[in-house]
Amino acid sequence: MSCGLWISEADVVSLMSLPEAIDALRDGLREEAAGRAANMVKTHATWDNGSTLHAIGAVFEGWGVVGTKTWAHTAGGAMPLLILIDAQDGAVLAIIEAFALGQMRTGGISGLGADVMARADARRMAIVGAGKQSLAQVAAVAAVRPLDRVTVWSPTAANREALAARIEETLRIEAIATATLDEALDGADVVTLATRARTPFLTRDALPRGVHINAVGAITPERAEFEPALLERAGVLAADSVPQVRKLSREFIEALGDDEGAWARLRPLSALVAASTTRPADADLTVFKAMGMGISDLSLGIAVLKRARAAGLGCPLPEIKRQAPRLTA
């Protein structure tokens, strides 16, 4: 049996690009659709005015790997760790520093959602929110659609201007920091919401027909980015994890309530990927809700581990006896 590895942030960045992460996610979602992968539904606890502790995981029976990711989101920062475990003997295969991996996962799943659900001719994007996830969100959509313009809106002028400058410098796409949300949305084909808003700011009628929305910021019940009534316009609704949306998304819970027929409209992204679905020509809006799920993290983590072994990267973990120690009185 090969020794487990500690894989650092620097190793992750050197081993995987964002387009490669999207491909790895596509592979993992196909495993889910085939019934060979299953999520552990996210659990979380809160404290200290908004700090949150999270744990998610997944089982990949077809690949023989299980694992969990855990992190605490605090005002002082976060340090997520992904643990990969051999499904047969419980050995730790890898511990992966997962901040960069998480950015690629969160950006990549939005890119995959846009690839499946946005118009084929989409060229203009609006990014709402200028936090740590925002550049990866733009890069992921740019990996699946040839963007020629990105508009940026955030309540803080300095933040939106800085993000626009980073988009132009890093991605070589024209980027415009707008003074208002309406200006940012005007003419956009893909709109990504990546905020920590507690009050919905995207109204039901704010967008024209033909737009695809990636909603990635509100992943706990105290947060919301769009009016629940907006979902009435959606021709296609999809999520990375439908159970987590039902448990944790205030927007969907308020919109769909106890109506099982309404909830049936919300499809797992894995089903769309497996069926090679494309956007219906008559769709008004399409909405992809990303909550974060173990299958996504493990899809990337397993691919990174394979690449690390092939490249000889990572630090060996100490061998740990997989049995309980004998306690003394």
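To start, this report covers the structure provided alongside it. If you're wondering where the values come from, they're calculated on a predicted model, not measured in any experiment.

Brief notes about the packing of helix H2 (residues 18-33) against helix H11 (residues 294-311)
Where H2 meets H11, the axes come as close as 8 Å, and the angle between the chain directions of the two elements is 120°. Regarding the angle of H2 to H11, the classification is oblique. Of the two elements, H2 crosses H11, and the hand of that crossing is right-handed. Contacts between H2 and H11 involve Glu20, Ala21, Ala24, Leu25, Gly28, Leu29 and Glu32 from the former and Ile295, Ser296, Ser299, Leu300, Ala303 and Arg307 from the latter. Of the residues assigned to the contact of H2 with H11, the class counts are 7 nonpolar, 3 polar and 3 charged.

Here we look at the sheet that holds strand E7 (residues 124-128)
The strand order E9-E8-E7-E10-E11-E14-E12-E13 describes an open sheet built from 8 strands, whose pairing is parallel. Either end of the sheet is taken by a strand with one partner, and the two such strands are strand E9 (174-177) and strand E13 (266-268). Put simply, the sheet's adjacent strands are angled 20° from each other on average, direction ignored. Examined bridge by bridge, strand E10 (residues 190-193) and strand E11 (residues 212-215) share 4 bridges and lie parallel to one another. Residue pairing in the sheet places valine 191 in a bridge with isoleucine 213 of E11. Taken strand by strand, helix H4 (residues 134-144) contacts E7, strand E8 (149-153), E10 and E11, and its axis lies near 160° from that of E7.

Brief notes about unusual backbone geometry
Positive phi, normally seen in glycine, also occurs at arginine 172, with a value near 60°. For arginine 172, the location among the structural elements is in the loop between helix H5 (157-171) and E9. Judged by its relative accessible area of 66%, arginine 172 falls in the exposed class. Unusually for a residue other than glycine, serine 276 sits at a positive phi of about 50°.

A closer look at the packing of helix H3 (residues 99-117) against H4
Look at H3 against H4: their axes get within 8 Å of each other, and the N-to-C directions meet at 40°. With respect to each other, H3 and H4 are oriented oblique. In the packing of H3 onto H4, the handedness of the crossing is right-handed. Along the contact surface, H3 presents Gln103, Thr106, Gly107, Gly108, Ser110, Gly111, Ala114 and Asp115, while H4 presents Ala136, Gln137, Ala140, Val141 and Val144.

Focus on the pattern of salt bridges
For the structure on display, the rule yields 15 salt bridges. In this structure, glutamate 254 and arginine 250 form a salt bridge, with 3.5 Å as the shortest nitrogen-oxygen distance. Of this pair, glutamate 254 and arginine 250 both sit in helix H8 (residues 250-256), 4 residues apart, which is roughly one turn of the helix. According to the relative accessible area criterion, arginine 250 is partly exposed, its value standing at 22%. Residue lysine 289 is joined to glutamate 251 by a salt bridge in which the shortest nitrogen-to-oxygen separation is 2.8 Å. Note that lysine 289 is positioned in strand E14 (residues 285-289) and glutamate 251 in helix H8, a separation of 38 residues in sequence. A relative accessible area of 0% means that lysine 289 is categorised as buried. Where salt bridges share partners, they join Arg26, Asp115 and Arg145 into one cluster.

About the cut-offs
- Residues numbered from 1 in each chain as written.
- Predicted model: local features only at pLDDT ≥ 70, side-chain atom pairs only at ≥ 80, totals over all residues.
- Heavy atoms only, no water.
- Axes fitted to C-alpha atoms, helices over the stretch in contact; angles between N-to-C directions.
- Helix = DSSP H or I, 4+ residues; strand = E, 2+ residues; numbered from the N terminus.
- Parallel < 35°, antiparallel > 145°, perpendicular 65-115°, else oblique.
- Left-handed = near helix turned anticlockwise from the far one by under 90°.
- Contact = heavy atoms within 4.5 Å.
- Nonpolar A, V, L, I, M, F, W, Y, C, P; charged D, E, K, R; others polar.
- Pairing = 2+ DSSP bridges.
- Buried < 20%, exposed > 50% of the residue type's maximum accessible area, 1.4 Å probe, protein only.
- Salt bridge = Lys/Arg side-chain N within 4 Å of Asp/Glu carboxyl O.

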